[in-house]
Amino acid sequence: MTTERQTLRKFLLQEQEKSGIGQDMMLLLEDIATSCRIIAHQIRNGPFLDILGTTETSNVQGETQKQLDVIANDVFLSHCSNCARVAALVSEEIDEVIWLKDAPKKGDYLVYFDPLDGSSNLNVNLSVGSIFSVVELEDDLAELSNEAVLIKGAKQICAGYSLYGPSTSLVFSTGQGVNGFTHKIGSGEFLLTFPDMKLPEETEEFAINASRFRSWDAPIRRYVEECIDGEDGVRGKSFNMRWTASMVAEVHRILTRGGVFLYPKDSANAHMGGKLRLLYEANPMGFIVEQAGGRASTGTERILDVQPTGHHQRISVVLGCKAEVEVIESYFADERG
Ligand code: P6P
């Protein structure tokens, strides 16, 4: 007999009592959930809608945009603008900060998102996802400037992702742990399927793009070589490796069965500061991993403590099971001497 699963709405009402998240955050999360349902529908019907191709345009990252990158971005823009408390939107796909208010007030929301992460997986039918992060303004804004959205990840009040895989998962935290929902085809409801997600302390699985081996800094190379040395090496145990080219899929796997994800700054991307973006990839995923009992680091400092210097800033990312991230951090410390 299947148990009656809690709907997203019922969960949010319960959370409202427990964590004090207000009506506005509930409305925003419902709008984000609607965005994810629409994007999931577009992806699943992509071959029939002829939208799995690329556009003639590039985004601020210099990446050629997929049609679904643009579609997903437009869906997030239109739905996240519904909530009267949203003062600004920061999208991976748009150069400038999108201000929705002339005079944002204390308590207004800043919403950062990567509308379709891993979109190179789209035309080979592999998992992609959306990532979102919400920060509450601590003071009225005297002026609308890009600097106003450069807020540390530790200030997030909500972060999450939607994974468009065999099923559509919506996983988020409002600071009271991590909970995951699955979209039930037919009813359209997101139902609670992964309550209170927790990372194991240890793991035997790491995720890294091994083709970048020649560019890695010494601590990363040392860590990966020791994992590959297995039982006969200093780690004394075997490791498995995964790489899906979708941070959302990697993080969901890690939240579900453990692991560590590495996309470090290396000699090939150091001029950009790394590959992954701080405000709408590293910060939200770091928040969720920490809320699930894990750790999120640049290798030398906590990601959520990094003071952003640009709203499309890139950063080195090592996140997952705490013990494994600490091993990697210790290798960077050894290198500093
Ligand atoms: P690579 C997707 O483009 C992304 O931003 C992350 O989702 C993913 O982990 C990484 O880049 C994949 O990078 O170099 O393996 O293509």
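What you see is a predicted model; the values in this text were computed from it and never measured. Numbering of residues starts from 1 in each chain and follows the order in which that chain's sequence is written. Selection of residues for local features in this predicted model requires a pLDDT of at least 70, selection of side-chain atom pairs for listing and counting requires 80 or more, and totals for whole chains, interfaces and linings are taken over all residues. Hydrogens are left out, water is left out, and the side-chain values use all remaining heavy atoms of the structure.

### Looking at the sheet that holds strand β13 (residues 260–263)
Neighbouring strands of a sheet are bound in pairs by backbone hydrogen bonds; such pairs are parallel or else antiparallel. A sheet is described by the order of its strands in space; here 5 strands give the open sequence β12-β11-β13-β17-β15, paired in mixed fashion. Looking at which strands have only one partner, the edges of the open sheet turn out to be β12 (240–242) and β15 (295–297). When the angles between neighbouring strand axes are averaged without regard to direction, this sheet yields 15 degrees. Sheet topology places strand β11 (residues 205–207) next to β12; 3 bridges connect them, and they run parallel. Paired with A207 across the two strands is R242, which belongs to β12. Being paired, for any two strands, means DSSP has found at least two bridges between them. Strands are runs of DSSP state E lasting at least two residues, helices are runs of H or I lasting at least four, and both sets are numbered from the N terminus onward. Only the contacting stretch of a helix is used when fitting its axis, a line to C-alpha atoms as for every element, and angles between N-to-C directions run 0 to 180 degrees.

### What to know about helix α8 (residues 322–336)
How far a helix is expected to stretch is found by multiplying one less than its residue total by 1.5 Å. The end-to-end C-alpha separation of α8 is 21 Å, in line with the 21 Å expected for 15 residues at 1.5 Å each. A 1.4 Å probe rolled over the protein chains alone gives each residue an accessible area, and that area as a share of the maximum for its type sets the label: buried under 20%, exposed over 50%, partly exposed in between. Every buried residue belonging to α8 is among A323, E324, V325, V327, I328, E329, Y331 and F332, and all of these are buried. Looking one or two places after α8, you find G337, whose phi comes out positive at around 75 degrees.

### Focus: the packing of aromatic side chains
Whether two aromatic rings pair depends on their centres lying within 6.5 Å, for rings of Phe, Tyr and Trp, where Trp uses its six-membered ring; planes under 30 degrees apart make the pair stacked, over 60 edge-to-face, and the rest tilted. Summed over all chains, the structure comprises 9 aromatic pairs. When the centroid spacing of 5.0 Å and the interplanar angle of 20 degrees are considered together, the rings of F76 and F113 count as stacked. Residue F76 is located in helix α4 (residues 67–80), and its partner F113 is located in strand β5 (residues 109–117); the two are separated by 37 residues in the primary sequence. Neither residue differs from the other here; F76 and F113 are each classed as buried. Summarising the aromatic geometry, the rings of W243 and Y263 are spaced 5.8 Å apart at their centres and angled 50 degrees between planes, so their arrangement reads as tilted. Here the residue W243 occupies a position in the loop between β12 and α6 (247–257), and Y263 occupies one in strand β13, the gap between them amounting to 20 residues. Under the relative-accessibility criterion, W243 is labelled partly exposed at 27%. A network of ring pairs unites the aromatic residues F11, F172 and F181 as a single cluster. Think of it as a cone above the ring: NZ of Lys or CZ of Arg counts as a charge over the ring if it is within 6 Å of the ring centre and within 35 degrees of the ring normal. Lying over the aromatic face of Y331, R222 brings its terminal NZ or CZ to 3.6 Å of the ring centre.

### Re the environment of V306
By secondary structure assignment, the location of V306 is in the loop between β15 and β16 (314–315). On a C-alpha basis, the gap between V306 and G153 in space is 7.3 Å, while along the polypeptide they are 153 residues apart. Contacts are assigned to residue pairs with any non-hydrogen atoms lying within 4.5 Å of each other. In contact with V306, other than residues within four places in its own chain, are K152, L278, T298, E301, Q313 and I315.

### Let's talk about the nonpolar core
The term nonpolar core refers to a set of buried residues drawn from Ala, Val, Leu, Ile, Met, Phe, Trp, Tyr and Cys, joined through side-chain atoms within 4.5 Å. The biggest cluster of nonpolar side chains holds 39 residues, and the ones touching the most others in it are L28, L116, L170 and F172. Top element by residues in this core is helix α2 (residues 23–44). It accounts for 10 residues. With residues up to four places along the chain from it excluded, the contact list for L28 reads C80, C83, V86, Y109, V111 and V134.

### As for the domain arrangement of the protein
For the purposes of this description, domain bounds are those given by an automatic or database domain assignment. Splitting the protein by domain gives domain 1 (8–194) and domain 2 (205–336). With centres defined by C-alpha atoms, the gap from domain 1 to domain 2 works out at 23 Å. Counting residues at the interface gives 47 residues for domain 1, matched by 31 residues for domain 2. Buried area counts how much accessible surface, traced with a 1.4 Å probe, disappears from two parts once they are put together, with both parts' losses summed. For the pair domain 1 and domain 2, the two sides together bury roughly 2,800 Å², of which 62% comes from carbon and sulfur. Summed over the three residues of domain 1 that lose the most area to domain 2, namely L150, K152 and Y161, the buried surface amounts to 21% of that side. Every case where a carboxyl oxygen of Asp or Glu lies within 4 Å of a side-chain nitrogen of Lys or Arg is listed as a salt bridge. Scanning the region where domain 1 abuts domain 2 turns up 1 salt bridge. Its salt-bridge partner being R277, residue E92 comes within 2.5 Å of it at the nearest N-O pair. Nitrogen and oxygen atoms within 3.5 Å of one another constitute a polar contact, given that in protein one can donate a hydrogen and the other can accept it, and given that sequence-neighbouring residues count only through two side-chain atoms. Summed over the shared surface of domain 1 and domain 2, the number is 13 residue pairs in polar contact (both at pLDDT 80 or more). Among the secondary structure elements, those contributing two or more residues to the side of domain 1 that touches domain 2 are β3 (86–91), β5, β6 (128–136), β7 (156–164) and β8 (168–173).

### Thoughts on unusual backbone geometry
Despite not being glycine, N125 shows a phi value in the positive range, around 55 degrees. Along the chain, N125 turns up in the loop between β5 and β6. Positive phi, normally seen in glycine, also occurs at A245, with a value near 60 degrees. Residue position: A245 is located in the loop between β12 and α6. Assessed through its relative accessible area of 37%, A245 is described here as partly exposed.

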